[in-house]
Amino acid sequence: MDAPYHRLLVADFPACFAFYEAVLPPLTGAAPAEGAPAGPYASWDLDGRTALSLFDRGQLAAAVGTGALPAAPAAAQDTTMLVLRVGDVERALAHCLRHGGGPVTGPADRPEWGPGLRTAHVRDPEGRLIELQSY
């Protein structure tokens, strides 16, 4: 049985697939397990367990009866964040930006969050917040 993992519900499956396919393997070691750019599902495994998956948001909305609801809420603070531990925050940030990530914050030391913690923040192609961190 897999441990709990995140499944991101995405509207632009090809763009999100391309971003995570370019970012997850080199930054986290997660390997593609199944899926293709056309969707509707893809996953990446780490140490034999699912680390992250994508699923077409419209298909899930149809399955659970929420297709008539708005696809996007009004502007608000982030409620979730994907955290990727990386070896080099600067290199990881540059890699994400080259592959379609949107800049949020540059590399910064965050001793108030933890000893030796360094972070940068990006957004995936649909605006989800991602923290790149190293200790």
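Given the structure is predicted, the values throughout are model-derived calculations rather than measurements.

S.K.: An account of the sheet that holds strand 6 (residues 102-109) is requested, with residue identities and associated values reported.
M.R.: Sheets are built from strands paired through backbone hydrogen bonds, the pairs being either parallel or antiparallel. Read from one edge of the open sheet, four strands run 5-8-7-6, paired in mixed fashion. In this open sheet, the two strands that pair with only one neighbour each are strand 5 (82-85) and strand 6. Averaged over neighbouring strand pairs, the angle between their axes works out to 15° when direction is ignored. Note that strand 7 (residues 118-123) and strand 8 (residues 129-134) share six bridges and pair antiparallel. Bridge pairing in strand 8 places H121 opposite E131. Packing of helix 1 (residues 13-28) onto the sheet brings it into contact with strand 5 and strand 8, and relative to strand 5 it is tilted by some 40°. Against the sheet, helix 3 (residues 89-98) contacts strand 6, strand 7 and strand 8, and its axis sits at roughly 5° relative to strand 7.

S.K.: An account of the pairing of strand 7 is needed here, citing residue identities and associated values.
M.R.: Sheet analysis places strand 6 next to strand 7, joined by five bridges and oriented antiparallel. Its bridge partner lying in strand 7, P103 is registered against V122. Where strand 7 hands over to strand 8, the hairpin turn is made up of five residues, of which G127 adopts a positive phi near 95°.

S.K.: Can you break down the environment of L117 residue by residue, with the values?
M.R.: Position of L117 among the secondary structure elements: in the loop between strand 6 and strand 7. Using a relative accessible area of 4% as the deciding quantity, one classes L117 as buried. Aside from chain neighbours lying at most four places away, what touches L117 is A108, D109, R110, P111, Q133, S134 and Y135.

S.K.: An account of the pattern of salt bridges is needed here, citing residue identities and associated values.
M.R.: All told, the structure shown has six salt bridges when counted by the stated rule. R123 is paired through a salt bridge with D78; the nearest N and O atoms lie 2.9 Å apart. You can see R123 sitting in strand 7 and its partner D78 sitting in the loop between helix 2 (57-64) and strand 5, a full 45 residues away along the chain. Note on D78: relative accessible area 42%, which makes it partly exposed. Of the charged contacts in the structure, one is a salt bridge between D124 and R128, with a shortest N-O distance of 3.0 Å. Using a relative accessible area of 3% as the deciding quantity, one classes D124 as buried. Through salt bridges that share partners, R57, D124, E126 and R128 make up one connected network.

Conventions used here
- Residues numbered from 1 in each chain as written.
- Predicted model: local features only at pLDDT ≥ 70, side-chain atom pairs only at ≥ 80, totals over all residues.
- Heavy atoms only, no water.
- Pairing = 2+ DSSP bridges.
- Helix = DSSP H or I, 4+ residues; strand = E, 2+ residues; numbered from the N terminus.
- Axes fitted to C-alpha atoms, helices over the stretch in contact; angles between N-to-C directions.
- Contact = heavy atoms within 4.5 Å.
- Buried < 20%, exposed > 50% of the residue type's maximum accessible area, 1.4 Å probe, protein only.
- Salt bridge = Lys/Arg side-chain N within 4 Å of Asp/Glu carboxyl O.

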